[in-house]
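Now for the letters of each chain:
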Amino acid sequence: MAQRVATSDGGNKKTSRVRVAVRLRPYMTTPDQKDDGPCVRGLDSQNLEIINWRNATETVKYHFDAFHDEQTTQQEVFLSSVKPILPHILQGQNASVFAYGPTGAGKTHTMLGSSEQPGVIPRAVREVFNLVKAKDEDEGWSYSIGMSYLEIYNEKVLDLLSPNSQDLPIREDKDKNILIPGLNHTTISSFSDFDKHFVPATLNRTTASTKLNQRSSRSHAILLIKVVRTQRASPRRQQTGKLYLVDLAGSEDNRRTGNQGIRLKESGAINLSLFTLSKVVDSLNSGTSIRVPYRDSKLTRLLQDSLGGSAHSVMITNIAPEYKYYFDTFSALNFAAKSKLIVNKPFTRETVAVPVLPVKRAREEHEAGSSGT
Ligand code: ADP
Ligand code: MG
């Protein structure tokens, strides 16, 4: 993905690639924690480097379509990575935005945010309403906006707008549109109307998650915003554009946390869907005609018509700078980047204390907890 030239508006290419952005959240210390300093840092708007645990005198440098450093605001992430794709969904095209990364690295902050710092979801929904409002009546189309909200947990598709939802099937119609029969789809007339449905469903999910031990980090939350436009005059053509906004399950290596039983089953489902997602993104971005393995997981099957093809997609990989995230950061970066470069240059010489000890500790934990990645 890294060195290729973006062809994001897809017009001249059959399959559009997935834009990959990385967002580094600010360093956070807890009072009782020894301050190890960061193990990763940004270089410029497309590059970052991380210390190489195999050799602390080296760094590994990665290149992405965009790199958002720890000072980047919610507004800036939205403007650069999300806003440009939204006009397409008013023209019957599909789009998807997903947040990837280990638990604690900022996926929910990026997608949902808080009332003081709203994230991609509220900003995108507002923008879709603004775009529709700004449409000239003379163009001859009327628009309607609707939403669905679901979660994929343990390879089950559950409706978040309907409490006690059962596992729902994913189907494909004759035009290759993916649909979920039985999933609630609610027309929304304004942003506050959206909020009225979205907030309680999100709260439900969060409450359930504390009971079910962090369920929210073990399932994929998927918000669908659908824009249908209909020609006012005959032949009254109709076009549907879909926007998927996805907060993915945590990408951390579950083998290291000693998971058993239900947790282990969850891990298997998460690994399957994230691994399949990485294969899908790889085959889309490699530009070759190898089979895109959408059908290998529920997540990629559901996103099939909104990821690749004529769709506009962006993956925001969230990473954290602290040493305890080191191996999860490393694997998230390898997931996101196609190319990386080992640079023979110590990471911290001029900025923070030499991090030899923490790296050694992280490596030992890694080697103790898993049998080779
Ligand atoms: P995840 O959803 O990936 O598990 P969260 O979004 O819950 O991670 O983020 C973990 C913590 O870090 C939260 O307290 C969140 O508010 C904070 N955080 C994440 N990203 C940022 C950021 N860019 N700026 C400030 N705080 C952040
Ligand atoms: Mg989260």
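Here is what the cut-offs are and how they apply
Residues numbered from 1 in each chain as written. Chains lettered and ligands numbered in written order. Predicted model: local features only at pLDDT ≥ 70, side-chain atom pairs only at ≥ 80, totals over all residues. Heavy atoms only, no water. Helix = DSSP H or I, 4+ residues; strand = E, 2+ residues; numbered from the N terminus. Buried < 20%, exposed > 50% of the residue type's maximum accessible area, 1.4 Å probe, protein only. Contact = heavy atoms within 4.5 Å. Areas by Shrake-Rupley, 256 points an atom, 1.4 Å probe, with all protein chains shown as cover. Near = heavy atom within 4 Å. Polar contact = N/O pair within 3.5 Å; in protein donor to acceptor, adjacent residues only side chain to side chain. Pairing = 2+ DSSP bridges. Phe/Tyr/Trp six-rings, centres within 6.5 Å; stacked < 30°, edge-to-face > 60°. Lys NZ or Arg CZ within 6 Å of the ring centre and 35° of its normal. Salt bridge = Lys/Arg side-chain N within 4 Å of Asp/Glu carboxyl O. Expected span 1.5 Å × (residues − 1). pLDDT = per-residue confidence, 0-100.

K.L.:
For the overall build of the protein, give the residues involved together with the corresponding values.
P.N.:
In terms of helices and strands, the protein carries 8 helices and 15 strands. Counting all 373 residues of the protein, 51% fall into the buried class. Long-range pairs, those at least 24 residues apart, make up 70% of the contacts in the protein with a sequence separation of at least 6. Of the accessible surface of the protein, which amounts to about 17700 Å², a share of 51% is contributed by carbon and sulfur atoms.

K.L.:
Describe the site of ligand 1, and please don't skip the residues or the numbers.
P.N.:
Around ligand 1 lies a shell formed by R23, R25, P26, M28, P102, T103, G104, A105, G106, K107, T108 and H109. H109 places a polar main-chain atom, nitrogen or oxygen, 2.7 Å from an oxygen atom of ligand 1. In isolation ligand 1 has 550 Å² of accessible area, and contact with the protein removes 69% of it. The biggest single contributor to the shell around ligand 1 is helix α2 (residues 107–111), with 3 residues.

K.L.:
Summarise the pairing of strand β13 (residues 238–247); cite the residues concerned and give the values.
P.N.:
The element β13 is largely enclosed, with a buried count of 8 among its 10 residues. Sheet analysis places strand β6 (residues 95–100) next to β13, joined by 5 bridges and oriented parallel. The partner of A99 across the bridge, within β13, is D247. Bridge count between strand β12 (residues 220–231) and β13: 10 bridges; the pairing is antiparallel. Counterpart to V228 in the pairing with β13 is T240. As consecutive antiparallel partners, β12 and β13 are separated by 6 residues, and within that stretch R236 has a phi angle of approximately 50°, a positive value.

K.L.:
Got a sec to walk through the packing of aromatic side chains? Specific residues and values, please.
P.N.:
Following the criterion strictly, the structure yields 8 aromatic pairs and no others. Aromatic side chains Y149 and F198 sit 4.8 Å apart centroid to centroid with 40° between the ring planes, which places their arrangement in the tilted category. Of the two residues, Y149 is situated in strand β7 (residues 141–153) and F198 in helix α4 (residues 191–211); the sequence distance between them amounts to 49 residues. Of the two residues examined, Y149 and F198, each falls in the buried class. Aromatic side chains F194 and F198 sit 4.9 Å apart centroid to centroid with 20° between the ring planes, which places their arrangement in the stacked category. Residue F194 and its partner F198 are both found in helix α4; the two are separated by 4 residues, about one turn of the helix. The same class applies to F194 and to F198, which are both buried. The ring of F191 carries the charged tip of R126 above its face, separated from the ring centre by 3.8 Å.

K.L.:
Any chance you could break down the pairing of strand β8 (residues 156–159) for me, citing the residues and the numbers?
P.N.:
On any regular strand, side chains alternate: one points to one face of the sheet, the next to the other face. As judged from the 4 bridges shared by β7 and β8, these two strands associate in the antiparallel manner. Across the sheet, residue L150 finds its bridge partner in β8, namely D159. Linking β7 back to β8 in an antiparallel pair, the connection comprises 2 residues, with N154 at a positive phi of about 55°.

K.L.:
Hey, could you go over the environment of V132 for me, with residue numbers and the actual values?
P.N.:
Following the sequence through the fold, V132 ends up in helix α3 (residues 120–133). Assessed through its relative accessible area of 18%, V132 is described here as buried. Through-space distance from the C-alpha of V132 to that of S142 is 8.9 Å; in sequence the pair is 10 residues apart.

K.L.:
Give a description of the pattern of salt bridges that names residues and reports values.
P.N.:
For the structure on display, the rule yields 11 salt bridges. For R301, the salt bridge is made with E172, and the minimal N-O distance between the two is 3.7 Å. Taken together, the residues R301 in helix α6 (residues 298–303) and E172 in strand β9 (residues 171–172) connect sequence positions 129 residues apart. The residue D193 makes a salt bridge to K196 at a minimum N-O spacing of 3.3 Å. Remark: K196 and D193 occur in helix α4; sequence separation between them is 3 residues, near one turn of the helix.

K.L.:
Account for α3, naming residues and giving values.
P.N.:
With 14 residues, α3 ought to run about 20 Å at 1.5 Å a step, and its terminal C-alpha atoms sit 20 Å apart, in line with that. Within α3, 10 of the 14 residues are buried, which leaves the element mostly enclosed by the surrounding structure. Among all positions of α3, only V120, I121, P122, R123, A124, V125, E127, V128, F129 and V132 are buried.

K.L.:
Tell me about the confidence of the model for the protein, and name the residues and values.
P.N.:
Residue-level pLDDT values for the protein average 84, and 80% of them are 70 or greater. Low pLDDT, under 50, characterises residues 349–361; the predicted model gives this stretch 14 contacts beyond four residues in sequence or across chains. Contacts of residues 369–373 to residues separated by more than four positions or lying in other chains number 8 contacts, the stretch itself having pLDDT below 50.

K.L.:
How would you summarise unusual backbone geometry if you had to cite specific residues and measurements?
P.N.:
Residue P235 follows S234 across a cis peptide bond; omega there is 10°. The backbone phi angle of N154 is positive, close to 55°, even though this residue is not glycine. Topologically, N154 is positioned in the loop between β7 and β8. Judged by its relative accessible area of 13%, N154 falls in the buried class. A positive phi angle, near 50°, is found at R236, a position not held by glycine. Tracing the backbone shows R236 in the loop between β12 and β13.

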